[in-house]
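# Descriptive structure summary
If you want the building blocks of each chain, they are given just below.
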Amino acid sequence: MSKEYDLVILGGGTAGYVSAIRASQLGKKVAIVEKYKIGGTCLHKGCIPTKSYLKTAEILRYINHSNEYGIKTASADFEMTDIVAKKDETVSTMYSGVQSLMKKYKIDIYEGNGTILGPSLFSPQAGTVSVEFENGESELLVNNNVLIATGSRPVELPFLKFNHHTVVSSDDMMQLESLPHNILIIGGGVIGLEFASLLNDLGVEVTVIEAGDSIIPNEQQEISKTIKRSFEENGIKIYEKLPLSEENILVQDNHVEVQIQDSNETFDKVLVAVGRTPNTEELSLNNTKIKTDDKGYIITNDVYQTDDKHIYAVGDVIGNYQLAHVATKEGTIAIEHMFDQNPILLDYLTIPRCIYTNPEVASIGMTEQDAKNENISFKKFKVPFKAIGKSVIENNGLGECILIKDIENEKVLGIHMIGAKVTELINEAALFTFMNGSTEELATTVHAHPSIGEVLMELGLKSENRAIHV
């Protein structure tokens, strides 16, 4: 038995379902094949549930520091099961919304594993996807186009496999029944630091180990130093330039023993957060002309078309920024190219990057090191958040905002922030960057007072040599 579609999408995560909606808007008949749940990692194991946890941690932090705002309270009490329940409620609400969208746009959902069979037996011009269901049955979907949006999964260390009890992944952290007394986080990237921040706020003793020169090594150097200092002031231990090997770790039934420098430490849990790997193994890419790189990422052109011209790939499987908002934009571009809509191509230097820690980190465009690597002559301007009244109210003005500008043509190359609410503020910087704004325009745009966003106006003024508050 087979059904025919204009488009079959493999993977129903953020990229998959948004792409399906866009194709439906263009009048196309669309199917999604998803073996887990519509919404994917972002909705069920990543963006949304972790931000629910982080919101709980933020509220607890405010309660515990309420005396700084003139309020005296008893210490807060909580149960991890209640925090998980709130997270599940949030996810369920969003999941219901996505399901309603699928019905609204008449998108067919196949709950199973999809593999690409190659050209259709029924039409040489079309392709075929086989859907294998849990009950052992299967169905063929004949299609004119395929979009691969199967996402990624956490990477295991070869000497430290997940046992989902003491050695855990970020997926495992979504269903914690109780908090550990202490935890070791291997990896000082975005995922590792977000869990370090929220667990620290929840009272867990946290240690972070990073093998590279610094935590969040791809961000502006000042940002990395500031967040490290803030974390350490809050009791988080951070070790940089410290690779681990099998000789350093001994996994026991209920704990893990780790040699850190010259001491032996015991941890209730170890969270391995050293990156993610693309989900491509079960797609049967050998039935196609698709090429992958040495890490398994699918190779595409700038409209996300593979060497099999009717097959496109977007999101984590192609190895660009592994961010939901990037994946959805890539998916939209792929769909519009697929159906002759002449899309505007994505400039990755206009993509905002956020880390939802305490303090928050947000950035867009080039770092100082990026500019040096490309031999660009630049100037760097900084405004501390202590100069911004609303930021002082929020978190005593912790952090700063940095702007990097090309000396030759005065183009803004990058904006980098660490401080309160910067993951919201970065959207103004994203619009400014997308519109190719000048620092003169940034300086002369009237910003509300008091607001954290005033930092961008002040930064524009400083880069035009007429700063007021710094």
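It should be noted that the structure appears before, not after, this text.
Below you will find a few notes about this structure. (Residues numbered from 1 in each chain as written. Predicted model: local features only at pLDDT ≥ 70, side-chain atom pairs only at ≥ 80, totals over all residues. Heavy atoms only, no water.)

### A few points about the packing of helix α3 (residues 47–64) against helix α5 (residues 190–201)
For any two helices packed against each other, the geometry comes down to the angle between their axes and how far apart the axes lie. Viewed as axis vectors pointing N to C, α3 and α5 meet at an angle of 40°, and their least axial separation amounts to 8 Å. Classified by the interaxial angle, the pair formed by α3 and α5 is oblique. The element α3 and its partner α5 pack so that their crossing is left-handed. On the side of α3, the interface is formed by T50, K51, Y53, L54, A57, L60 and R61, while α5 contributes E194, F195, L198 and D201. The residue makeup of the contact of α3 with α5, split by class, is 6 nonpolar, 1 polar and 4 charged. (Axes fitted to C-alpha atoms, helices over the stretch in contact; angles between N-to-C directions. Helix = DSSP H or I, 4+ residues; strand = E, 2+ residues; numbered from the N terminus. Parallel < 35°, antiparallel > 145°, perpendicular 65-115°, else oblique. Left-handed = near helix turned anticlockwise from the far one by under 90°. Contact = heavy atoms within 4.5 Å. Nonpolar A, V, L, I, M, F, W, Y, C, P; charged D, E, K, R; others polar.)

### Observations regarding a nonpolar patch on the surface
Taken together, Y62, Y69 and I71 make up a surface patch of nonpolar side chains, about 290 Å² in accessible area. Positionally, I71 belongs in the loop between α3 and α4 (80–104). (Patch = residues over 30% accessible without salt bridge, like charges linked within 9 Å, V, L, I, M, F, W, Y side chains within 5 Å. Areas by Shrake-Rupley, 256 points an atom, 1.4 Å probe, with all protein chains shown as cover. Salt bridge = Lys/Arg side-chain N within 4 Å of Asp/Glu carboxyl O.)

### Some words on the nonpolar core
Counting 52 residues, the largest nonpolar core has L7, L10, L141 and I148 as the members making the most contacts within it. Mapped by element, the contributors of at least two residues to this core are β1 (2–10), α1 (14–25), β2 (30–33), α4, β5 (127–132), β6 (138–148), β17 (311–313) and α7 (324–338). Element by element, the count of residues in this core is highest for α7, at 6 residues. If you look at the next biggest cluster of nonpolar residues, it comprises 34 residues, including L60, M173, M174 and I216. (Core = buried A, V, L, I, M, F, W, Y, C linked by side-chain atoms within 4.5 Å. Buried < 20%, exposed > 50% of the residue type's maximum accessible area, 1.4 Å probe, protein only.)

### With respect to unusual backbone geometry
At the junction of N358 and P359, the peptide bond is cis and its omega measures out at 5° in the coordinates. Considering the arrangement of structural elements, one finds P359 in the loop between β18 (352–355) and β19 (360–365). Residue P450 is bonded to the preceding H449 through a cis peptide linkage, with omega at -5°. Within the secondary structure, P450 sits in the loop between α11 (439–444) and α12 (454–463). For H164, which is not glycine, the phi dihedral falls at a positive 65°. With respect to the helices and strands, the residue H164 is situated in the loop between β7 (152–154) and β8 (167–168). Under the relative-accessibility criterion, H164 is labelled exposed at 52%. Residue I216 is not a glycine yet carries a positive backbone phi of 30°. With respect to the helices and strands, the residue I216 is situated in the loop between β10 (205–209) and α6 (221–233).

### Points about the packing of aromatic side chains
On inspection of all chains with the given rule, the structure shows 3 aromatic pairs. On the basis of an interplanar angle of 90° and a centroid distance of 6.2 Å, the ring pair of Y5 and Y110 is categorised as edge-to-face. In this pair, Y5 is assigned in strand β1 and Y110 in strand β3 (residues 108–110), connecting sequence segments 105 residues apart. Given a relative accessible area of 4%, Y5 falls into the buried group. (Phe/Tyr/Trp six-rings, centres within 6.5 Å; stacked < 30°, edge-to-face > 60°.)

### Topic: the pattern of salt bridges
Overall, the coordinates contain 19 salt bridges when judged by the stated rule. Ionic pairing is found between E336 and R22, a salt bridge with its closest N-O pair at 2.9 Å. Residue E336 is located in helix α7, and its partner R22 is located in helix α1; the two are separated by 314 residues in the primary sequence. One salt bridge in this structure joins K55 and E58, with 3.1 Å as the shortest N-O distance. Of this pair, K55 and E58 both sit in helix α3, 3 residues apart, roughly one helical turn. Here the salt bridges do not stand alone but share partners, grouping E222, E368, K372, K380 and K382 into one network.

### Comments concerning the environment of G453
With respect to the helices and strands, the residue G453 is situated in the loop between α11 and α12. Judged by its relative accessible area of 13%, G453 is buried. In this structure, the C-alpha to C-alpha distance between G453 and I107, residues 346 residues apart in sequence, is 40 Å. Leave out the neighbours within four places in its chain, and G453 touches L425 and H447.

### Notes on the pairing of strand β21 (residues 400–406)
Within β21, 7 of the 7 residues are buried, which leaves the element mostly enclosed by the surrounding structure. Side-chain alternation along β21 places E400, I402, I404 and D406 on one buried face and C401, L403 and K405 on a second face that is also buried. Pairing analysis gives 7 bridges linking strand β20 (residues 378–384) to β21, with the strands arranged antiparallel. Looking at the pairing, F378 lines up with D406 of β21. (Pairing = 2+ DSSP bridges.)

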